[in-house]
Amino acid sequence: MSTPILILSIILVITSVLLTLAILVHKSRGGGMSDLFGGGMSTAFGGASIAERNLDRITVVVALVWVSCIVALLLLWRVTI
């Protein structure tokens, strides 16, 4: 296994765990795990909280890195085979 494939595989595992955690922390319709960290209090005042919007942005960025790693690994595997 080449070094770029190994590095991208490690990044893929790390981003997979981060993406899973970020999705689980998001607020669902009936509350969510984000309520454990004070997210429910800000929604009572109307609108999405700053923390929820930042969590949305972090989730999108991690998802983009995750997809990019998958595409890059696909391209690298096709070149090496």
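Predicted model, so just to flag it, every value in this text is computed and none were measured. (Residues numbered from 1 in each chain as written. Predicted model: local features only at pLDDT ≥ 70, side-chain atom pairs only at ≥ 80, totals over all residues. Heavy atoms only, no water.)

**Student:** What's the story with the packing of helix H1 (residues 3-25) against helix H3 (residues 50-80) in this structure? I'm lost.
**Tutor:** How two helices pack is summed up by the angle between their axes together with the distance between the axes. Look at H1 against H3: their axes get within 9 Å of each other, and the N-to-C directions meet at 150 degrees. Judged on the interaxial angle alone, H3 and H1 are roughly antiparallel. Between H1 and H3 lies a crossing of left-handed hand. A breakdown of the residues in the contact of H1 with H3 according to their chemical character gives 21 nonpolar, five polar and no charged. (Axes fitted to C-alpha atoms, helices over the stretch in contact; angles between N-to-C directions. Helix = DSSP H or I, 4+ residues; strand = E, 2+ residues; numbered from the N terminus. Parallel < 35°, antiparallel > 145°, perpendicular 65-115°, else oblique. Left-handed = near helix turned anticlockwise from the far one by under 90°. Nonpolar A, V, L, I, M, F, W, Y, C, P; charged D, E, K, R; others polar.)

**Student:** Where do I start with the confidence of the model for the protein in this structure?
**Tutor:** Taken over all residues, the pLDDT of the protein has a mean of 84, while the share at 70 or more is 74%. The least confident element of the protein, judged by mean pLDDT, is helix H2 (residues 39-43) at 54; the most confident is H1 at 95. (pLDDT = per-residue confidence, 0-100.)

**Student:** What should I look at first to understand the nonpolar core in this one?
**Tutor:** Among the nonpolar cores identified, the biggest contains five residues, and these are Ile 5, Leu 8, Leu 12, Cys 69 and Leu 73. Sort the elements by how many residues they give to this core and H1 lands first, with three residues. With sequence-adjacent residues up to four places away left out, Ile 5 is seen in contact with Leu 73, Leu 76, Trp 77 and Thr 80. (Core = buried A, V, L, I, M, F, W, Y, C linked by side-chain atoms within 4.5 Å. Buried < 20%, exposed > 50% of the residue type's maximum accessible area, 1.4 Å probe, protein only. Contact = heavy atoms within 4.5 Å.)

**Student:** What's the story with H3 in this structure? I'm lost.
**Tutor:** For an α-helix the count is 3.6 residues per turn, leaving residues at separations of three or four pointing the same way. End to end, H3 covers 45 Å across 31 residues, agreeing with the expected 45 Å (1.5 Å per residue, within 8%). For H3, the full list of buried residues reads Glu 52, Leu 55, Thr 59, Val 62, Cys 69 and Leu 73. (Expected span 1.5 Å × (residues − 1).)

**Student:** Would you explain the environment of Ile 70 in this entry?
**Tutor:** Within the element layout of this structure, Ile 70 appears in helix H3. On the basis of relative accessible area, Ile 70 is assigned to the partly exposed category, the value being 37%. With 59 residues separating them along the chain, Ile 70 and Ile 11 place their C-alpha atoms 9.9 Å apart.

**Student:** Looking at this model, I keep getting lost on the side chain of Thr 59. Mind explaining?
**Tutor:** Relative to the elements of secondary structure, Thr 59 occurs in helix H3. Exposure remark for Thr 59: the relative accessible area of 12% places this residue in the buried category. At a separation of 2.9 Å, a polar atom in the side chain of Thr 59 contacts the side chain of His 26. Not counting residues up to four positions away in its chain, the partners in contact with Thr 59 are Leu 19, Ala 22, Ile 23 and His 26. (Polar contact = N/O pair within 3.5 Å; in protein donor to acceptor, adjacent residues only side chain to side chain.)

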